[in-house]
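A closer look at the structure
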Amino acid sequence: MPTNEQERIKAINDYYILDFLPDNEFDDVVNIVKELWGSDSIYVSLIDSTRKWYKCSSTDMPAGLIKDLIFDNHIKNEDSIFIEDIRSSSHTPVNLQFAENKQVGSLLHLPLLCSAHIACGALTIIDQSVVDLSERKLNALRSLARQIADNLELRRKVNDLNQVQIEQKSAYADLEKFSFVASHDLRSPLNNIISLTHLLKEQFESEMSDEVREYVSFLNNAAMQLADLVTGILEYSRSSQILVDNRERINIPELVQEVANLVHTPENIEITFDKEEQFITASRIALKQILMNLCDNAIKHNDKPDGKIKIKFTEAKKYYIFEIADNGPGIPPEDQRRIFELFERVKRGNDHKDGIGVGLAIVKRLVEKSGGEIKVESEVGKGTTFIFTIQK
C-alpha cells in the first residue's frame, strides 16, 4: 500500500463521494476517453481501505485487477504510467500474473491528484490489445484526469459550504429565538418602571423638589426609550417569521389606503397615491409591514409645514416596483449607506427624533426575503425617495 495511505483515506472521506451512486457526469468522461483511446475497458475508480468504488465504468473487470494496478508495490502513488505492451515490456511495474493471463495488453494509469497532491483514485484504461497512443492524445487524457480531480475538489468545497450554511442557519435560528425571548421578558419590568414613574409624578408631584421631579422624568424617559428599543428588537426578530411566501392577490390602492389609515398622520402631512385599481400577487403581510415602516419613517422626520408623501407603483418584467417619496429634510450622502443597518440612527436636518434604528433594517430584511432590493435617493433639504422591488 502507499506510504501515505492514512492521508489518502482521509482525502477520499473528505470528498463525500464513495457512498453515493455512480454519477452521470463521469459517464461523460468515459465517452470522451473512448474517442481518444478507442477501448471499452475504461474506469474512473476510487478505493478506500476496504472497498473499490466505481464512479463510472464501461465494462466489468475483476476487482483485484484494478486495485493491484493502482497500488502495485512498484507504482508510486502519484505516478502516471503508460505501457504500450505489457507482455513485451521488460520493466513493467504491473503484477506479472495479469500479463501471464493475457488480461492486459496496454495500460494507462493516470492518478486523480486531489488535495495536498494525494492520489485519491485513478483514471485507468486497460486494453487487451496493444495500443499505439500519440503524445497529443496522451496529454489530452492527462488533462482529462486533472479535470476529474478538479471536479471532485469543487464538489468537496460545495459540500463544505452547504454544511457551513446549515450550521449558520441553525445558529441564526437560535439567535433569533434568544432575541425574541429576551426582548419579550424585558418588556414586563420596563412597563412596571414606566407605570411607577407615572404614578410617582401623579401622586407625589406636589411634594417633589424640582431636582427630584427632574430625576423622575429622566428615569421615565430612559425607561420609555429602552422599551422602544426592546419593542424594535422584538419586531426585528419577528420580521423573519413573516410568511413572505404566503402570496395572495392584492389590490394596491386598497392596501395603501389601509396603511395610510393605520399610521398616525398629522394634519400638515398628506399621503397621495394612484387610486386606479392595480392587482399584484405577493405577501400581503410583508408588503404592508414594509409600507407602514417607510410611511411612518417619512412622517416622523418630515420638517416642512406642508408635508408630502407620495406612493408610486409600477410593474416590470420580473419585479413589482414601489417608490415612497417625501419632501422632508433629506439624508446626507455619507449617511445613506448605513441607514439600513440595525441600530444605526441618522440625524436629518434639525430633526431631534432619533428613533431606535430598527425600522429600516426590518424593511430591508423583508424586501430581501421577498426576492427584491431596496435603495434610497435623497438630497439634503429637498426630500428622500425609497425605491424597493418585490419579485413576481
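To be clear, the structure that these remarks concern was listed above.
Throughout, a residue's number is its position along its own chain's written sequence, starting from 1. In keeping with the model being predicted, local features are shown solely for residues with a pLDDT of at least 70 and side-chain atom pairs are shown and tallied solely at 80 or more, while totals for entire chains, interfaces and linings include all residues. Only hydrogens and water are removed before side-chain values are computed, so all heavy atoms of the structure are retained for them.

1. Digging into the side chain of arginine 284
- Only DSSP runs of H or I covering at least 4 residues are called helices, and only runs of E covering at least 2 are called strands; the numbering of each starts at the N terminus. Here arginine 284 shows up in helix 8 (residues 284-301).
- Any two residues having at least one pair of non-hydrogen atoms within 4.5 Å are treated as being in contact. Residues within four places of arginine 284 in sequence aside, it is in contact with Asn246, Glu248, Ile250, Glu254, Leu255 and Glu258.

2. Overview of the packing of helix 8 against helix 9 (residues 359-369)
- It is at 9 Å that the axes of helix 8 and helix 9 come closest, and there the two elements cross at 150°. Classed by the angle they form, the pair helix 8 and helix 9 counts as roughly antiparallel. At the point where helix 8 passes helix 9, the crossing takes the left-handed sense. Together, Ala286, Gln289, Ile290, Asn293, Leu294 and Asn297 of helix 8 and Gly359, Leu360, Ile362, Val363, Leu366 and Val367 of helix 9 make up the contact between the two elements.
- Across the contact of helix 8 with helix 9, the residue classes tally to 8 nonpolar, 4 polar and no charged. For helices, the axis comes from a line fit to the C-alpha atoms of the stretch in contact; other axes are also lines fit to C-alpha atoms, and the angle between any two N-to-C directions lies between 0 and 180 degrees. Under this scheme an angle from 65 to 115 degrees is roughly perpendicular, one under 35 degrees roughly parallel, and one over 145 degrees roughly antiparallel; angles in between are oblique. Put simply, a crossing is left-handed when the front helix is turned counterclockwise from the back one by less than a right angle, and right-handed when it is turned clockwise. Residues are grouped as follows: nonpolar covers Ala, Val, Leu, Ile, Met, Phe, Trp, Tyr, Cys and Pro; charged covers Asp, Glu, Lys and Arg; every other residue, Gly included, is treated as polar.

3. A short note on the pattern of salt bridges
- Just to be clear on terms, a salt bridge is a Lys or Arg side-chain nitrogen sitting within 4 Å of an Asp or Glu carboxyl oxygen. Scanning the model with the defined rule gives 14 salt bridges in all.
- With its nearest N and O atoms 3.0 Å apart, the salt bridge here joins glutamate 270 to lysine 308. Here glutamate 270, found in strand 7 (residues 269-273), pairs with lysine 308, found in strand 9 (residues 307-315); they are 38 residues apart in sequence, far enough to count as distant.
- Residues lysine 392 and glutamate 315 are paired through a salt bridge, measuring 2.8 Å at the closest nitrogen-oxygen approach. Taken as a pair, lysine 392 in the segment after strand 12 (383-391) and glutamate 315 in strand 9 lie far apart in primary sequence, 77 residues in all.
- Think of it in three bands: with a 1.4 Å probe and only protein chains considered, a residue is buried below 20% of the maximum accessible area for its type, exposed above 50%, and partly exposed in between. On the accessibility criterion, lysine 392 (37% relative accessible area) is partly exposed.

4. Observations concerning the environment of glutamate 7
- Its location among the elements puts glutamate 7 in helix 1 (residues 5-14).
- Residue class for glutamate 7 comes out partly exposed when judged on its relative accessible area of 45%.

5. Brief notes about a negative patch on the surface
- Each patch is assembled from residues with relative accessible area greater than 30% and no salt bridge, linking like charges that lie within 9 Å and nonpolar side chains (Val, Leu, Ile, Met, Phe, Trp, Tyr) that lie within 5 Å. Shrake-Rupley sampling with a 1.4 Å probe provides the accessible areas, and residues are treated as covered by the protein chains on show and by no other component. In this tally, Asp and Glu contribute negative charge and Lys and Arg positive charge; neither His nor the terminal groups of the chain are included. Charged side chains are reduced to one point each, which is NZ for Lys, CZ for Arg, CG for Asp and CD for Glu. Together, Glu254, Asp274, Glu276 and Glu277 give the surface a local cluster of negative charge.
- Within the fold, glutamate 254 resides in helix 7 (residues 252-262).

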